[in-house]
Amino acid sequence: MDEHPLFLLLLLILFLLVGVLLPCGDSKFIAYNTSHGVVPGKLNVHLVPHSHDDVGWLKTIDQYYVGSNNSLQGACVQHVLDSLVPALLANPDRKFIFVEQAFFQRWWRDQSEIIKGLVRKFISSGNGGMCMHDEATSHYIDMIDQTTLGHRFIKNEFNVTPRIGWQIDPFGHSAVQAYLLGAEVGFDSFFFGRIDYQDREKRKDEKSLEVIWQGSRTFGSSSQIFAGAFPENYEPPPGGFYYEVNDDNSNSPVVQDDMELFDYNVPERVNAFVDAAIAQANITRTNHVMWTMGTDFKYQYANSWFQQMDKLIHYVNLDGRVNALYSTPSIYTDAKHAASKSWPLKTDDYFPYADRINAYWTGYFTSRPGLKGYVRIMSGYYLAARQLEFFKGRNESGPTTDSLADALAIVQHHDAVTGTEKQHVADDYAKRLSIGYKEAEKVVAASISCIAGSDSGSPVTKFEQCPLLNISYCPPSEIDLSQGKNLVVVVYNSMGWKREDVVKIPVLSEDVFVRDSHGKEIESQILPLANASVVIRNYYVPAYLGKIPTVTPKYWLAFSATVPPLGFSTYIISKANRKASTSMQTLLKATGSATDTIVIGPGHLKLIYSENGGKLIGYINTRSSINASMEHSYKYYTGNDGSADKKVIPQASGAYVFRPNGTYPIKSEEQGAFTVLRGPILHEVHQRINSWISQITRVYKGKEHAEVEFTIGPIPTDDGQGKEVVAEITTAMKSNKTFYTDSSGRDFIERIRDYRKDWHLEVNQPVAGNYYPLNLGIYMKDDSTELSVLVDRAVGGSSIVDGQLELMLHRRLVHDDSRGVAEALNETVCALDKCTGLTVRGKFYLRVDPLGEGAKWRRSFGQEIYSPFLLAFTEQDGKEWRSSDHVSTFSGMDPSYSLPHNVAIITLQELEGGKVLLRLAHLYEVGEDKELSVMASVELKKLFPKKKISSAEEMSLSANQGRAEMEKKRLVWKAEGSPEPEGADSSKAARRGRAVDPAKLVVELGPMEIRTFLINFI
C-alpha cells in the first residue's frame, strides 16, 4: 500500500530537482549554488522560510487544517506540510521553521512510516508548542502545560529539544514569556514581531531591536535571554520578496534568469536584495540580519518560494556584495552569539502594544469574557483532575485527561483566549473544552469513587459534578431529601496545604442541615436565590443543554468546609425537622439622611454603606486597624467608530483595539434600594445597578477580603453605541500615578501612568494607552496602605486617576477594528426562541492591607482562586455511608505533613509508562514578603508517603531534557554595562534550591523558582 505513494513522491522530488537545475523552457544546465554558510567579514542575510499558521482565527482549527470554508480564507495547513516534504528533500540546503504542533501532530498521524522516516532526517529544532500562545491573557500554568505537550512530543518522536522561542504574532510580550517560557525551558533566544510603534522607531534609530531581556526582578541575569523584535512584522522585507503562488505578487517579480526570454531581471533583483539587506543592516547590530520569508498560511505550494530563494541566494552570492544563505533562528542566534558583542538591556515587558496612533491593542485583554472565564475554570479543573488521575492510576484505555489537555492547549492560541476570533471559531473552542471536560469529569468521578469506595466490596458509588454551578444549576444538589435520602458532598482540595473555605450549592428546601464525616453537625446558612440568578438560570440552561430545568431551587446552602492538602473531606446534607440558620434579610431604601450607615461583615472586615443611596463608603479591618474610605461604582466607555479621524487612519474600537469615545457613569436606576442578608457564615449585599448590571458583595466571617460577584448584560446597543463596562474602586490613597499588574499570573510589574521606561511616550490615548493585562490582579499603594484587587479570569485594568483602580469586565461593540477578523465583537446567545446579547457573571476580590503586608493575601488567595474546591455529589443513605468502610477523609500526602504556604503544586501528572511529572512553584518574589520570600523546602517522601521513589530527575520547565544538561548548553550573553558575560553561573544569579539528594529527597525552592521533576517509583 505504501509503494505507490512513495513512487509518486520520488517522481515529484525528481521533478523538483529538475526545476532547481534547469530554468523553465531551456535545456541549459544551471546548478544553483545554495550551500553558502556564514561568511565572516560580509553582511550575512539569513533567509528564514516560515509559515505562520493560526490554530483558529477566521476558520476553526480543523477547517484550517483540511482547507475547508475557503470563502472566509484560502488556507490549508495540510497542503503546507504536504508541499514542504518534497521541497525540502529536493535540496538539502533548504530550511524551514514550523511552530504549531496542534497542526503538525494532526498531519503526522496521517503519514506512512516511509514519509515519517524521511521527515525525521531534517527535523532538528523548533519552537514546539501546541500553539503560539498568547502572552497577555494566558495564565503561566497554561503556558507551561501547552508548551510541555508540544516539547515532549518532539522529544519522543524526534529526540529533539527546541532552543528558540518563535512568538512572532502575539500582541505584545510578557516578562514571564521571556524568563520562564524562554530561558527556563532551555531557549537561547526569543523572536517576535509586535512591539509598540513608538518603541520600534526608537529602537531602529538606536539599533536596539535586539536586546538581552531580563524579565524577572528575582532572577535577573540568571534567567536572561537574547530577544529580537523584527524591523516591521514577520513578513519578507520591503523590496518585493513575496512568492506565494496565486496571491497578488505584482510587487514581487520572480527572478527571471533566462537571457533568451523577455523580462530578464537578475541585476535588478540582486540590487533590490542588496538594498534591502543594507537598509536592515543599518538598524541592526553585527553583520547578520534575518529575513522572515513567509507569513500567514503560506507555502501551500512550497516550491514557489524555494525556487525563487534558490535563485536569489545563487545570484546574490555571485554578485558578492552581501552573503545570502538559507538559515534558521538557531543558526542566526549562534551567529549573533559568536560576534561576542554586548547588547542593550531590557527589563519589564512589551505591553501595551499599539501598531499606530490611536490603536492600542488593549481591548482584547477583556474581549469574550465568558470564554476567558471558561478557560480559567477548566484550567484549575485540569490541574485537579490530573492529581486525582494519578491517585487512582492512569487508565491508558480511557477515559483520561488528555482530551481536556489538548483543548486547553489549543485555546491558549493568541487568537483564541484573546477573544479576537470569529464567533463560530470561539464556539468551536468552547465545544472542544466541553468535550474535554466531559471526559475528564469521568476520570474525576471514577477516581473519587475508587478512593472513597468501600473496602468491603459494596457497589461502586457514582459521583456527579456541577459544571454550571456559576448559573445556579446543580441537579445533584437539587434533590428532594424528604424521603430519608441524604446528599453526600465530597470536597477536594488540589492545593498543598490545609484549606478552609465556604461551599455554596443550590437546594430546594431551607429545612436542611450539614454534618461532617464524623456525623457532627456543622454550622450552615441558608440564603435566598436572587431573582437575577433565577432569570439567568432559566435562560442559559436551555442555551447550554437544550432542555428546561424541571425544578427551580429557592435557596443557596452555605457551609464552611475544611479539607486536607491534596485530599478531600466528605459532608452529608440531610432533611431537618427545623429550619437551618436562615439569613436575616433586610430591604433598605433611601432614608433621606446622609449620615446613617449600614455595617456589613460578620468578622474582622466591615464594609460601610450609606443608607442614603446604598453606596459603599468605607472599609474597616478591626484586626489590622485599617479604616479607609472606599467607593465602588460602574461606568462604561463608548466605543469609538473612527469616523472623526480625518488626518490619520480611521480607528474603531473592536475585538483587538480599545478606543473609547467618552466615559459615562452608571447610576442606580433604583436609587438607594439594596438588600442585605446577614448570617453566621457570611453577609451579602444585593444591588441592582440598572436593568443590565447587578451585583452581590459578600463578606465572610473567616476572611478579610470582600468578594464582588457581578452580572453584566445584555449590554444594550439599541442606541448604536458599543459599550465597554468598567468597575471602579475609589479610595483616598495618594498613589502618585503608580500601580502594579501581574505578568501572566506570576511576577508583578510596576506601571506608571503615561510613562514608558524605554522611551518617551507620546500620549494620544490617555485611557487605552494605560491599560494592562491582568491574570492575577492589580494593586496600588501609598505611604501607609495598599489596595489589591484580584480577578477570576483575564481582564484589562488600570489606574487612570490616582487612588483609583478599574477593571474592564465586559465589552459589546458594533464596529470592526480593521485587524482582519471582519466581525464586530457582538456576542449573542439564542435560546427559548429569542437571541440576546451575552450576559457575563464573574467575580473580583478586594482587600486593603497595611503597607508591605498585601503580598501574602495576593499570593495565597490568588492560588485559591486559580484552584477552587472541586465538588462531587452522590445521593445515598447517610447512615450507610458513615457506617460502611467508605473513606470519608483523604489526603494524598503524609497526614502530618503540609506544604509551606509559599509553595504550590502546579503539576502532578502520571505520564505514559508510569512516570510522574511533578512541578513545584515558589509563589513569592524576592523581597515581596518578609516571612515568605525565603527559601522553602518540600519533602518528597512525605508528598508520596505510600510510594517508594526510585529516582527524581530534575528537568527543564517543559520536561524534555535534564536541567543540568540544559544549563550546560545554554548560551551566555553580555548585556551593556556588565563587565563579564552573565548567565546561569553568574555571581549575580538569584539564590536557587540545591540539587536534590537522592537519599533525603528534599526539594528546595528559592523565591519565584519553579522546579520540574520526572519521578519513578518502585
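Just so it is clear, the structure is predicted and the values come from calculations on it, not from any experiment.

Undergrad: I'm lost on the nonpolar core in this one. Help?
TA: Soluble, globular proteins show a tendency: their nonpolar side chains are buried together. Ranked by internal contacts, the top residues of the largest apolar core, which has 188 residues, are F273, W291, Y299, F306, Y634, F844 and L943. Sorting elements by how many residues they give to this core places helix α14 (residues 423-452) first, with 10 residues. Counting 38 residues, the second largest nonpolar core, distinct from the first, contains M143, V176, L181 and V185.

Undergrad: Would you explain the packing of aromatic side chains in this entry?
TA: Within a pair of aromatic rings, the relevant descriptors are the distance that separates the centres and the angle that separates the planes. Under the defined criterion, the tally for this structure stands at 57 aromatic pairs. Where F192 meets Y350, the ring centres are 5.1 Å apart and the plane angle is 55 degrees; that geometry is what we call tilted. Here the residue F192 occupies a position in strand β3 (residues 189-192), and Y350 occupies one in the loop between β9 (345-346) and β10 (354-356), the gap between them amounting to 158 residues. Of the two residues, F192 and Y350, both sit in the buried class. Judged by centre distance (5.0 Å) and plane angle (80 degrees), the rings of F226 and W343 are edge-to-face. On the criterion of sequence distance, the pair formed by F226 in strand β5 (residues 225-229) and W343 in strand β8 (residues 342-343) is long-range, its members being 117 residues apart. Judged by its relative accessible area of 1%, W343 falls in the buried class. The lysine or arginine in question, K504, covers the ring of W556, its NZ or CZ lying 4.6 Å from the ring centre. Seen from the ring of Y140, R746 lies directly overhead, with NZ or CZ sitting 5.0 Å from the centre.

Undergrad: Explain unusual backbone geometry to me, please; I cannot follow it from the model alone.
TA: Note on backbone geometry: most residues besides glycine have negative phi, and most peptide bonds are trans. Cis geometry is adopted by the peptide bond preceding P352, which originates at F351 and carries an omega value of -10 degrees. Relative to the helices and strands, P352 is located in the loop between β9 and β10. Here the bond from G713 into P714 is cis, since omega is -10 degrees, no more than 30 degrees from zero. Look at D754: it is not a glycine, yet its phi comes out positive at around 60 degrees. Mapped onto the secondary structure, D754 falls in the loop between β31 (747-752) and β32 (772-774).

Undergrad: Looking at this model, I keep getting lost on the sheet that holds strand β6 (residues 288-293). Mind explaining?
TA: Read across the sheet, three strands follow the order β6-β1-β7 without closing on themselves; strand pairing throughout is parallel. This sheet does not close on itself; its edge strands, each paired only once, are β6 and β7 (323-326). Averaged over all pairs of adjacent strands, the angle between their axes in this sheet comes to 25 degrees, without regard to strand direction. Bridge count for strand β1 (residues 44-49) against β6 is six bridges, and the pairing is parallel. Of the residues in β6, the one forming a bridge with L47 is W291.

Undergrad: Explain the sheet that holds strand β2 (residues 164-167) here, please?
TA: As a general point, the strands of a sheet are linked pairwise by backbone hydrogen bonds and lie either parallel or antiparallel. In space, the five strands of this open sheet follow the order β2-β3-β5-β4-β9, with mixed pairing throughout. Both edges of this open sheet fall to β2 and β9, since each of them pairs with a single strand only. As judged from the two bridges shared by strand β4 (residues 210-213) and β9, these two strands associate in the parallel manner. Bridge pairing links I212 to L345 in β9.

Undergrad: It is not clear to me how the confidence of the model for the chain should be interpreted in this structure. Could you clarify?
TA: In regions of low pLDDT, the predicted coordinates are not meant to be interpreted in detail. Per-chain confidence: the chain averages 92 in pLDDT, with 93% of residues scoring 70 or above. In this model, residues 980-988 is a region of pLDDT below 50 whose contacts with residues beyond four sequence positions or in other chains number 21 contacts.

Undergrad: How do you make sense of the pairing of strand β14 (residues 512-515) when you look at a structure like this?
TA: Strand residues, when the strand is regular, have side chains that alternate between the two faces of the sheet. Because side chains alternate across β14, one face comprises the buried residues V512 and V514, and the other comprises F513 and R515, equally buried. Note: β14 against strand β18 (residues 567-575), four bridges, orientation antiparallel. Across the sheet, residue R515 finds its bridge partner in β18, namely I572. Hairpin geometry of β14 and strand β15 (residues 521-522) is characterised by an intervening segment of five residues between the two adjacent antiparallel strands and by a positive phi of about 85 degrees at G519.

Undergrad: Help me understand helix α13 (residues 402-411) in this model?
TA: An α-helix turns once per 3.6 residues; consequently, residues spaced three or four apart project the same way. Of all 10 residues in α13, seven are buried; the element is thus mostly enclosed. Buried residues of α13: L404, A405, A407, L408, A409, I410 and V411, and no others. Those residues of α13 hidden inside the fold are in contact with α2 (61-66), α4 (101-109), α6 (140-158), α12 (369-392) and α14.

Undergrad: I keep staring at the state of the cysteines and nothing clicks. Help me out?
TA: Covalent bonding between the sulfur atoms of two cysteines defines a disulfide. Tallied over the full model, the rule gives two disulfides. Put simply, C466 and C474 are joined by a disulfide, and their sulfur atoms are 2.0 Å apart. Around the S-S axis, the bridge from C466 to C474 shows a dihedral of about 60 degrees and counts as right-handed. A relative accessible area of 14% places C466 in the buried class. Look at C474 and you get buried, because its relative accessible area is 0%. One disulfide bridge connects C830 with C835, the sulfur atoms lying 1.8 Å from each other. An S-S torsion of about 110 degrees defines the bridge between C830 and C835 as right-handed.

Undergrad: Which parts of the structure should I look at to understand the pattern of salt bridges?
TA: Where charged atoms from two side chains of opposite charge approach closely, those side chains can pair. Scanning all chains against the criterion turns up 68 salt bridges. For E113, the salt bridge goes to K116, with nearest N and O atoms at 3.8 Å. Of this pair, E113 and K116 both sit in helix α5 (residues 113-120), three residues apart, which is roughly one turn of the helix. Given a relative accessible area of 13%, K116 falls into the buried group.

Undergrad: Would you mind going over the environment of L790 with me for this structure?
TA: Inspection of the secondary structure assignment puts L790 in strand β34 (residues 785-791). Here the alpha-carbon distance between L790 and S625, two residues 165 residues apart in the chain, equals 22 Å. Setting aside residues up to four positions removed in sequence, L790 forms contacts with L776, G777, F844, Y845, W857, R858, F861, G862 and I865.

Undergrad: How do you make sense of the packing of α12 against α13 when you look at a structure like this?
TA: A pair of packed helices is characterised by two quantities: the angle between their axes and the separation of those axes. Direction vectors running N to C along α12 and α13 enclose 140 degrees, while the axes themselves pass 11 Å from each other. In terms of axis orientation, α12 runs oblique to α13. Pair α12 / α13 crosses with left-handed handedness. Contacts between α12 and α13 pair V375, M378, S379, Y381 and Y382 from the former with L404, A405, L408 and V411 from the latter.

Undergrad: Sorry, what's going on with the side chain of E389 here?
TA: Within the secondary structure, E389 sits in helix α12. In contact with E389, other than residues within four places in its own chain, are R394, P399, T400, T401, V443, S447 and E910.

Undergrad: I'm lost on helix α8 (residues 197-206) in this one. Help?
TA: Residues of α8 that are buried: Q198, D199, R200, R203 and K204. Contacts made by the buried residues of α8 are with β4, β9 and β11 (359-360). The N-terminus of α8 is capped by D196, whose side-chain oxygen sits 2.8 Å from the backbone nitrogen of Q198. One or two residues past the end of α8 sits K207, with phi positive at roughly 55 degrees.

Undergrad: When you look at the side chain of S788 in this model, what are you seeing that I'm missing?
TA: Looking at the element boundaries, S788 is found in strand β34. Among the polar contacts made by the side chain of S788, one reaches the side chain of R858 at a distance of 2.8 Å.

Undergrad: How do you make sense of the packing of α12 against α14 when you look at a structure like this?
TA: Interaxial distance between α12 and α14 falls to 9 Å at its minimum, and their mutual angle equals 30 degrees. Judged on the interaxial angle alone, α14 and α12 are roughly parallel. Handedness of the crossing formed by α12 with α14: left-handed.

Undergrad: Help me understand the pairing of strand β23 (residues 626-639), please; the structure alone is not making it clear to me.
TA: Burial runs high along β23: 10 of the 14 residues are buried. The loop that links strand β22 (residues 616-621) with its antiparallel partner β23 comprises four residues; one of these, S625, has a positive phi angle of about 60 degrees. Where β23 and strand β29 (residues 723-731) come together, nine bridges link them in antiparallel fashion. Paired with M630 across the bridge in β29 is T731. Note: β23 against strand β24 (residues 660-666), five bridges, orientation antiparallel. Paired with Y637 across the bridge in β24 is T663.

Parameters at a glance
- Residues numbered from 1 in each chain as written.
- Predicted model: local features only at pLDDT ≥ 70, side-chain atom pairs only at ≥ 80, totals over all residues.
- Heavy atoms only, no water.
- Core = buried A, V, L, I, M, F, W, Y, C linked by side-chain atoms within 4.5 Å.
- Buried < 20%, exposed > 50% of the residue type's maximum accessible area, 1.4 Å probe, protein only.
- Helix = DSSP H or I, 4+ residues; strand = E, 2+ residues; numbered from the N terminus.
- Phe/Tyr/Trp six-rings, centres within 6.5 Å; stacked < 30°, edge-to-face > 60°.
- Lys NZ or Arg CZ within 6 Å of the ring centre and 35° of its normal.
- Pairing = 2+ DSSP bridges.
- Axes fitted to C-alpha atoms, helices over the stretch in contact; angles between N-to-C directions.
- pLDDT = per-residue confidence, 0-100.
- Contact = heavy atoms within 4.5 Å.
- Disulfide = S-S within 2.5 Å.
- Salt bridge = Lys/Arg side-chain N within 4 Å of Asp/Glu carboxyl O.
- Parallel < 35°, antiparallel > 145°, perpendicular 65-115°, else oblique.
- Left-handed = near helix turned anticlockwise from the far one by under 90°.
- Polar contact = N/O pair within 3.5 Å; in protein donor to acceptor, adjacent residues only side chain to side chain.

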